[in-house]
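Given next are the chains, with one letter for each unit.
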Amino acid sequence: MDRAMTKRRFFRALTNVHKWAALVLTVQILLWFVSGFAMSIMPIDQVRGRHMASKAPIAFEAAPQISLTMLSRNYGPDLEKAELRSVAGAPVYYLIGGAGEQIVDARDGAKFVITEPEIRKLAVHYYDGAGELSALNKLDEAPLDYRGQVPVWQAIFEDKQKTRLYLDARTGDLKSVRTRLWRVFDTMWAMHIMNYTGRNDFNTWWLALFSFASIVFTLSGVGLLLKSFGVIKVKPRR
């Protein structure tokens, strides 16, 4: 087999590889471009829902009745930090140290357990939109648009943005704001990284496969381009 025939067979095979790589990649490349373009034009602050909610606390509705000194004795010598906060207007102490975090009612010293009415009050307080609170659900499994620690309270508001607030089940802290725009952005992100379940993992075999196919497509295209420009000479078949 002469050298010219070997080259012809090589470039014939390279052409087939390029065509098949193009066939495999066409749809996903289009999805990459569409999703990348869509994410680039979405205002990130609106995607994060900052215009729909505020984390401002509710002012104290009652003064602390239990001294921090007393609580420190109850906690023990490993207490490292103590903070007085307002949860739905109630004064509570956050005690942090070797025995873990404890939340204590500053009015009577009892362990603080947030109630559904207090969560409802907080959700309405955090919300900055014009809709009404239509549902309040305590979730033990994280929904796709939250993907945080559970249990968590989900507050659903009836507005054009389809706003959902997620509140910490222990503290009532606002954890996440989700809107229709966020969910569109999240879908675009899933398309971009080719992870349609967890949506936070780049190390998927799908992404690796298509990335490798993109490299093959590019290199084979470069080889064919050099051939078409005459940089690589291939004698025609006689």
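In this report, we go over the structure that sits alongside the text.

About the criteria used
- Residues numbered from 1 in each chain as written.
- Predicted model: local features only at pLDDT ≥ 70, side-chain atom pairs only at ≥ 80, totals over all residues.
- Heavy atoms only, no water.
- Phe/Tyr/Trp six-rings, centres within 6.5 Å; stacked < 30°, edge-to-face > 60°.
- Lys NZ or Arg CZ within 6 Å of the ring centre and 35° of its normal.
- Helix = DSSP H or I, 4+ residues; strand = E, 2+ residues; numbered from the N terminus.
- Buried < 20%, exposed > 50% of the residue type's maximum accessible area, 1.4 Å probe, protein only.
- Pairing = 2+ DSSP bridges.
- Axes fitted to C-alpha atoms, helices over the stretch in contact; angles between N-to-C directions.
- Contact = heavy atoms within 4.5 Å.

With that settled, consider the packing of aromatic side chains. Going through the model one piece at a time under the given rule, you end up with two aromatic pairs. Here the basic side chain of Arg-85 rests over the ring of Tyr-94, its NZ or CZ set 3.7 Å away from the ring centre. When the ring centre of Trp-182 is taken as reference, the NZ or CZ atom of Arg-178 above it lies at 3.9 Å.

This part takes up the environment of Leu-207. Tracing the chain through its elements places Leu-207 in helix α6 (residues 205-228). Exposure remark for Leu-207: the relative accessible area of 16% places this residue in the buried category. In the structure, Leu-207 is positioned 14 residues away from Ile-193 in sequence and 6.7 Å away in space, judged by C-alpha atoms.

This paragraph deals with the sheet that holds strand β7 (residues 174-178). Here we have four strands laid out as an open sheet, ordered β4-β5-β6-β7, and antiparallel in their pairing. Edge positions in the sheet fall to β4 (132-139) and β7, since each of these pairs with one other strand and no more. Across the sheet, the mean angle from the axis of one strand to that of its neighbour is 20°, orientation sign disregarded. Where β4 meets strand β5 (residues 152-158), seven bridges bridge the pair, whose relative direction is antiparallel. Each bridged residue has a counterpart across the sheet, and for Glu-132 the counterpart in β5 is Glu-158. Packed onto the sheet, helix α4 (residues 116-126) meets β4, β5, β6 (164-168) and β7 and runs at close to 130° relative to β6.

Another point: the sheet that holds strand β1 (residues 79-87). The strand order β1-β2-β3 describes an open sheet built from three strands, whose pairing is antiparallel. In this open sheet, the two edge strands, each paired with only one partner strand, are β1 and β3 (102-105). Across this sheet, the average inter-strand angle for adjacent strands is 25°, counted without regard to direction. With respect to the sheet, helix α3 (residues 68-75) is in contact with β1, β2 (90-97) and β3, its orientation differing from that of β2 by roughly 40°.

Read these as spatial facts, not as claims about activity.
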